[in-house]
Amino acid sequence: MSDDRLARRARPLSTRFPAPHFPSEFDEGTIFFDSGFAAPQLLPDLTPYAEAALGAHREEALQYASGRGQPYMRAWLAEWMNANGCDLTADHILVTNGAKQGIDLVCRLLLDEGDAIVVTAPTYFTAVPIFRNFGVEFIEVGQDAAGLDVAALAAELDRRAAAGRAAPKLIYNVPEFHNPTGTTMPDARRAALVALAEERGIAIIEDSPYRRVRFEGADQAPLKALDRSGSIFHLGSFSKLVAPGLRIGWVAAEPALIARMIALKSEGGSSPLIQRIIHGFASSPAFPAHIARVQAAYRERRDAMMTALARELPTARVAAPEGGYYVWVTLPDEADGDQLAARAAEAGVHLIAGSRFFASQGAGVPRNHVRLAYSYATPPQIEEGVRRLGAVYRSMTC
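Presented here is an overview of the structure given in this document. (Residues numbered from 1 in each chain as written. Predicted model: local features only at pLDDT ≥ 70, side-chain atom pairs only at ≥ 80, totals over all residues. Heavy atoms only, no water.)

Next up on the list: the pattern of salt bridges. Per the stated rule, a full pass over the model turns up 25 salt bridges. A salt bridge links Glu 176 to Arg 211; the shortest N-O distance between them is 2.6 Å. Separated by 35 residues along the polypeptide, Glu 176 in the loop between β6 (170–173) and α7 (187–200) and Arg 211 in the loop between β7 (203–207) and β8 (232–237) bring together distant segments of the chain. By the burial criterion, Glu 176 is buried, and Arg 211 matches it. Here Glu 216 ties to Arg 302 by a salt bridge, and the two come within 2.9 Å at their closest N and O atoms. (Salt bridge = Lys/Arg side-chain N within 4 Å of Asp/Glu carboxyl O. Helix = DSSP H or I, 4+ residues; strand = E, 2+ residues; numbered from the N terminus. Buried < 20%, exposed > 50% of the residue type's maximum accessible area, 1.4 Å probe, protein only.)

Shown next as structure tokens:
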């Protein structure tokens, strides 16, 4: 088929298959700091809940499901979020096939080609092509130690208004353990962001897959708990806390918006079997114990990575995240993170160059960052992987 028969969004896409990515595709001895794979040792035994789903709940679990999600799952999720200060009912919840389907559905709901959206610089790189497929204009706003720079965003909105340009349709942000930087927005910054968005009539996507993977510091209220205008879409997922292969997430938003998003869903409903398994596990005494185990294990891995980085890359700046899966490494200005990632892969250590986390591309994108995930590798593997990384970096700077 000739390219001129393809949709505009499809024409620029690569015709090559993705490069190997999953641990099973590589030789033993390769160390993975690239993607947020869950620690295999933390994947829970869901056998009893699967047996119950396929036994007592067989007809429900193996039939078509409601497009909005199973009623008990939506009610449980609303109650779980209400424990963090939200005011939701089951009608505010849409169950999705992972949080990324939630991003896609919000885009379908809000965006027309040419609309502008706000993202942080850097931002979650997997979200960028989803937004790009809708033909958006990216407005990149920097971050500091408290997350998205709300004052800088306000100034940019003022500049756009003065130039007669339309306000962006939405703001996309990861407020907890930001991917890739690990930053968490404090309460005051969250309130300022929500107030600005409400004042300017801009929706917010609050992407929060790591919220329960906190192992240090105090919880902050989700942005959704501060929502007074009904324009915040909270995205959650069981991928980071339980298991990524479950592919169950959710959107929390106003019921009228949820109803429209259900109509925009193109599959026959998220798996009722997986929802029943998750609900059985999440409602059991095993769930709080699992959360505690996850938090302790990832704290240990975060600490192992911070210690190894301080020894092997002493000139790098790294802020310790209070949770989540990642550390963001800022190398000296002259360093090339793209080259470091490529050379590290040759040494059997996979990581992601920081340049991939910027919506804009080209000469102005910073090259002196890399992102390292500590979620999959064991502490000894982290020690060895960072040792190899340090050796590669020193060989590049000699």
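If you walk across this open sheet you meet the four strands as β10-β11-β14-β13, and the pairing is antiparallel. Looking at strand neighbours, the two that pair on one side only are β10 (317–318) and β13 (352–353), the edges of this open sheet. In this structure, β10 lies alongside strand β11 (residues 326–330), joined through two bridges in antiparallel fashion. For Arg 317, the partnering residue across the bridge sits in β11 and is Thr 330. (Pairing = 2+ DSSP bridges.)

The eight strands lie next to each other as β2-β9-β8-β7-β6-β3-β4-β5, forming an open sheet whose pairing is mixed. At either margin of the open sheet sits one strand with a lone partner, and together these are β2 (93–96) and β5 (147–148). Where strand β4 (residues 137–144) lies against β5, two bridges are found, and the strand directions are antiparallel. Of the residues in β5, the one forming a bridge with Gln 143 is Leu 148. Contacting β3 (116–121), β4, β5 and β6, helix α6 (residues 150–162) crosses the sheet at an angle of about 150 degrees to β4. Running over the sheet, helix α8 (residues 255–264) touches β2, β8 and β9 (249–252) and is turned about 25 degrees from β2. (Contact = heavy atoms within 4.5 Å. Axes fitted to C-alpha atoms, helices over the stretch in contact; angles between N-to-C directions.)

As a volume, the second largest pocket reaches approximately 500 Å³. Lining of the second largest pocket is provided by 19 residues; of these, Leu 13, Val 128, Pro 129, Arg 132 and Asn 133 occupy positions nearest its centre. Considered class by class, the residues forming the lining of the second largest pocket number nine nonpolar, four polar and six charged. (1 Å grid on protein atoms, 1.4 Å probe; cavity = no way out; pocket = protein on both sides within 12 Å on 5 of 7 lines; lining within 4 Å. Points joined across faces, edges and corners; volume = space filled by probe spheres on them. Nonpolar A, V, L, I, M, F, W, Y, C, P; charged D, E, K, R; others polar.)

The next point concerns the pairing of β6. Covered by surrounding structure in β6 are Leu 170 and Tyr 172 together with Ile 171 and Asn 173, the residues of both alternating faces. As paired strands, β3 and β6 are joined by two bridges and run parallel to one another. In the sheet register, Ile 117 faces β6, and the bridge partner there is Leu 170. As paired strands, β6 and β7 are joined by four bridges and run parallel to one another. When the sheet's bridge partners are listed, Ile 171 is paired in β7 with Ile 204. A crossover links β6 with its parallel partner β7, the connecting element being α7, and its sense is right-handed. (Right-handed = clockwise from strand over helix to strand, strands pointing away.)

Any functional reading would require information beyond the geometric quantities listed.
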